[in-house]
Every structure is written in structure tokens, then in C-alpha cells.
Amino acid sequence: MAKPPLLSRMSRLAAVSADRAMTRASYFAVLVGLIGLTTLSIDPAYGISHGWVQALLRAALAFFIWEWLVRLLATWRTGTLLRYVLSGRGLVDAVAALAVPTALTAGAKPETAWLLGVLWLLKIGAESTGFRLLRRVMVQERSTLLNVAAMFATVLFMASAALHGLEREVQPAAFGTLPSALWWAVVTMTTTGYGDVVPITPLGRVVAAMVMVAGLAVFGLWIGILATGFASEMRRHNFLQTWETVSKVPFFASLGASATADVTNMLRRIDVPRRTLLIRKGAAGDCMYFIADGEVEVELPNGKRIQLETGAFFGEMALFDNKPRSANVTTTRTSTLLVLDVVEFRMLMARHPALAEIIDAEAKRRAQLNT
Ligand code: CMP
């Protein structure tokens, strides 16, 4: 018999929140493991806390093994075992669970084997949105990045050949071979500047100065490409997240696809903990809110309290009337809200008159109630 939709939605939600709890526990285990690893490498500290450090490391490792087995079992049950095992996340989970035990079993010294615990950090990399976005940017911008890398390699080889020619007689140890001149070129181009190898001929110094400037230019380009790509990926990611939230708010349900996209561009999604004062009575109004998920309490001027739930909006009165805020508004539970700043509020009013009418009517109704 097919599962009732409500039940299947509830079990999906339970699975999502279990997955989130597991991810949080995994981050905590990584932190515990890193504290253990760091202490293990400091002899005096390890000497006095030997038992604790061992306990921390073993606890972290036990967690990663348990987590991997749980995921293996869960994916086996749903018939997605192979996909999980071969996925980036599956591989990271396997490495986190197996690297240290494998090294210990192969006879590596415990201090060396536990060092492989740094691989646990991959778990954060695999889960983090930042790393995911960076990976996408690297893939999307690969040809531009490769072009800059080719420029880097060209300047690198030309500079090391020039310095090899100019300095090999006077500094044979540092510039006698092309590879040793390359070391100088890499250090200079990356503007690391160890100063362990420096040209001493006047012409050599001129080339060095040009290489340093070229190094800055190449890295500036690289950083610019990555930063621009990262920013546009971040915008895309935020847009999709906000779009998903907007499409769940009944207030926007009547909008077509292009109007939804337009409204999404005007809104900002925020997650707010419970008991957060969002609006203070008497303050100037700079935005209004839509409750995508959650609940807020409005403290009315007459002392009454009103709860507004998912789908409702608030903070519109001050924007319409250009008056101070009429009431305190506080979240009563963790809430996801869509924020419409005052400039975007004016745009929304102008571009979507049907929505403007609903908000205006509700603001008037509320103002009447409060008098
Ligand atoms: P604003 O005055 O900008 O800030 C406080 C908000 O509380 C107000 O906008 C309304 O959105 C909301 N509010 C005020 N009075 C009522 C009411 N009677 N019922 C529901 N919400 C209200």
C-alpha cells in the first residue's frame, strides 16, 4: 500500500534532520580529533594528558567508523550503496574511518599513524558550501585560470633563464643550473621573498624587480578571477535558496515564474533564533518581513499579544505611513523570514500592484484595530 503523503513527508523531514544532526556531530568529532592531534605533537602537554589525548582520539575515530557504517547500512537499505561508496562524500567517509586504523595495522608508529587524522578535516570540506562553490568556480573558470597559469609559467621560465645567464658566473651555487634559478623565480614571483637567494649583478636586480611586479600582476589576476566567480556563484546559490523559500510562501503563490524571479531578487532570506526582537516600537521602519516558516508575536499598543504564523507578513505599516514602528515584534520560535528592504519595498509596490493592494489593505485593517 502506498504511504500517505503526510507520513512520507514527515519521514523525509525526520531523515533530513537526522542527517543534519549527524553532520553537526561529525564537525564536533573533527574538532575533538584535532585537539587530540595537536596535543599529541606537543611532548610536555602529551606527557601530562596522555590518557585524555588517547581517549579523545579514539572517541573521534570511533565516531567516524560508526558514522561510516551507519551511512553504508542506510544506503544499502535504500539501494543506493554503490552510488554512496563511489561519491565524494562516501570516499571521504571511508578515508576518515580507515586511514588511521590502516596505518596502525601496517605497523606505522602511533604518533605518525594518528597524524593521518588531519584527513578528518576533509569531512568539513565535503560538507561545506564554501568548498562546493569554490570547486564549481574552479571548474567553470578552468580555461581562464589555465591561461593565467600559462602566463605564470612563461614569466617563471623566462626569468629563471635570464637570471641563470646573468648570475651563474658570480653565484654558481644559487644560479648555476636552471632548476636552482627556478627556485629563485618561484620565490620571487609568488612574492614570498625568503631572501635566501638574491641576484647581485645590476642587470640581475633589474630582472628581479620586473619579476616581482609580474608576480603581483599574475596573482592579482588569479585572485580577481576566483573572487568574481565566487561572488557570482554565491549570488546564484542565494537566489536559488530564496527562490525555494519564496515559492513556499502562499502570499506569493499567485505570481507567475518571471514575477517570482523578480520578487526573489528583491528579497533576502534570514534564519532567526527564537526570542529575537525583530522590530522595536518607535524605531524607524527600514524593512518588512514575510514569515516563510516560524512564528512571531506582536505586542500591540493596548497590551494585547497577537501571534503571526507561517505565510503572514509584518513591518509593513511603518513603510506605508512613514511613521515609527507601531509595536514590538519578537520571534517565538526559530523562524525563516524573507526580508524586503525599504527600497525594494517601493519597487515591489510599483511593479506588482496586486501584491501592493493586499499589503495596503492589511496595513489599514491593522491600523484600525489598533485605534
Ligand atoms: P510596523 O508598524 O512597521 O511594525 C510593527 C508591526 O506589527 C506592524 O508594522 C504590523 O506589521 C504589525 N502589527 C501591528 N498591529 C498589528 C495587528 N493588530 N495585527 C497584526 N499585526 C500587527
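Structural notes, computed from the coordinates. (Residues numbered from 1 in each chain as written. Predicted model: local features only at pLDDT ≥ 70, side-chain atom pairs only at ≥ 80, totals over all residues. Heavy atoms only, no water.)

## A word on the overall build of the protein chain
Right, so step 1: Of the regular secondary structure elements, the protein chain holds 16 helices and eight strands.
Right, so step 2: Since a compact globule built from 371 residues should have a radius of gyration of about 21 Å, the 30 Å found for the protein chain marks it as more spread out than a globular shape.
Right, so step 3: With the principal axes as the frame, the protein chain shows a C-alpha extent of 95 × 55 × 50 Å.
Right, so step 4: Per-residue burial for the protein chain yields a buried fraction of 37% across its 371 residues.
Right, so step 5: Partitioning the contacts of the protein chain with sequence separation of at least 6, the portion at a separation of at least 24 is 70%.
Right, so step 6: Accessible surface, the protein chain as shown: approximately 21700 Å² in total, 66% of it carbon and sulfur. (Helix = DSSP H or I, 4+ residues; strand = E, 2+ residues; numbered from the N terminus. Rg over C-alpha atoms; globule rule 2.2 N^0.38 Å. Buried < 20%, exposed > 50% of the residue type's maximum accessible area, 1.4 Å probe, protein only. Contact = heavy atoms within 4.5 Å. Areas by Shrake-Rupley, 256 points an atom, 1.4 Å probe, with all protein chains shown as cover.)

## Some remarks on the site of the ligand
Right, so step 1: What surrounds the ligand is a group of 15 residues, the closest being G315, E316, R325, S326 and N370.
Right, so step 2: Contact between the ligand and M317: an oxygen atom at 3.4 Å from a main-chain N or O atom of the residue.
Right, so step 3: For the ligand, a nitrogen atom lies 2.9 Å from a polar atom in the side chain of N370.
Right, so step 4: When the ligand sits alone it has 450 Å² of accessible area, and the protein chains cover 99% of it.
Right, so step 5: The set of elements that each furnish at least two residues to the shell around the ligand consists of α14 (316-321) and α16 (353-370).
Right, so step 6: A class-by-class count of the residues in the shell around the ligand yields nine nonpolar, three polar and three charged. (Near = heavy atom within 4 Å. Polar contact = N/O pair within 3.5 Å; in protein donor to acceptor, adjacent residues only side chain to side chain. Nonpolar A, V, L, I, M, F, W, Y, C, P; charged D, E, K, R; others polar.)

## Observations regarding the pattern of salt bridges
Opposite charge on two side chains allows them to pair when their charged atoms are near.
Right, so step 1: For the structure shown, the criterion picks out 16 salt bridges.
Right, so step 2: A salt bridge links K123 to E67; the nearest nitrogen and oxygen atoms lie 3.0 Å apart. Residue K123 is located in helix α7 (residues 121-127), and its partner E67 is located in helix α3 (residues 50-77); the two are separated by 56 residues in the primary sequence.
Right, so step 3: Classification of K123 as buried rests on a relative accessible area of 3%. (Salt bridge = Lys/Arg side-chain N within 4 Å of Asp/Glu carboxyl O.)

## Quick word on the nonpolar core
Right, so step 1: F252 and F290 are the most contacted members of the largest nonpolar core, which totals 22 residues.
Right, so step 2: Where this core is concerned, the elements lending two or more residues are α13 (257-266), β3 (287-293), β8 (335-341), α15 (342-351) and α16.
Right, so step 3: Contact partners of F252, with chain neighbours within four places excluded, come to V246, V263, L267, F290, L338 and L355.
Right, so step 4: Within the second largest apolar cluster, 18 residues are counted, among which are A174, M189, V197 and V207. (Core = buried A, V, L, I, M, F, W, Y, C linked by side-chain atoms within 4.5 Å.)

## Topic: the sheet that holds strand β1 (residues 267-272)
Right, so step 1: Pairing within the open sheet is antiparallel, and its four strands lie in the order β1-β8-β3-β6. With partners counted over all chains shown, the strands left at the sheet margins are β1 and β6 (313-314), one partner each.
Right, so step 2: The pairing of β3 with β8 spans six bridges and is antiparallel. From the neighbouring strand, C287 faces β8, where its bridge partner is D341.
Right, so step 3: Where α13 meets the sheet, it contacts β1 and β8, and its direction lies at approximately 60° from that of β1. (Pairing = 2+ DSSP bridges. Axes fitted to C-alpha atoms, helices over the stretch in contact; angles between N-to-C directions.)

## Side note on the packing of α3 against helix α5 (residues 88-105)
Right, so step 1: In contact at an axis separation of 9 Å, α3 and α5 are set at 140° when each is read in the N-to-C sense. One way to sum up the angle between α3 and α5 is to call them oblique. In this structure, α3 crosses over α5, and the sense of that crossing is left-handed. Contacts between α3 and α5 involve L61, F64, I65, W68 and R71 from the first element and R89, G90, D93, A94, A96, A97, L98, V100 and P101 from the second. (Parallel < 35°, antiparallel > 145°, perpendicular 65-115°, else oblique. Left-handed = near helix turned anticlockwise from the far one by under 90°.)

## A word on empty space enclosed by the protein
Right, so step 1: One pass over the full model with this rule turns up one cavity of 30 Å³ or more.
Right, so step 2: Roughly 60 Å³ of volume is contained in the largest cavity.
Right, so step 3: Together, T23, S26, Y27, E67, R71, R89, V92, D93, K123, A126 and E127 line the largest cavity.
Right, so step 4: At the level of elements, α1 (5-40), α3, α5 and α7 are the ones that each hand at least two residues to the lining of the largest cavity.
Right, so step 5: Of the residues belonging to the lining of the largest cavity, the class tally is three nonpolar, two polar and six charged. (1 Å grid on protein atoms, 1.4 Å probe; cavity = no way out; pocket = protein on both sides within 12 Å on 5 of 7 lines; lining within 4 Å. Points joined across faces, edges and corners; volume = space filled by probe spheres on them.)

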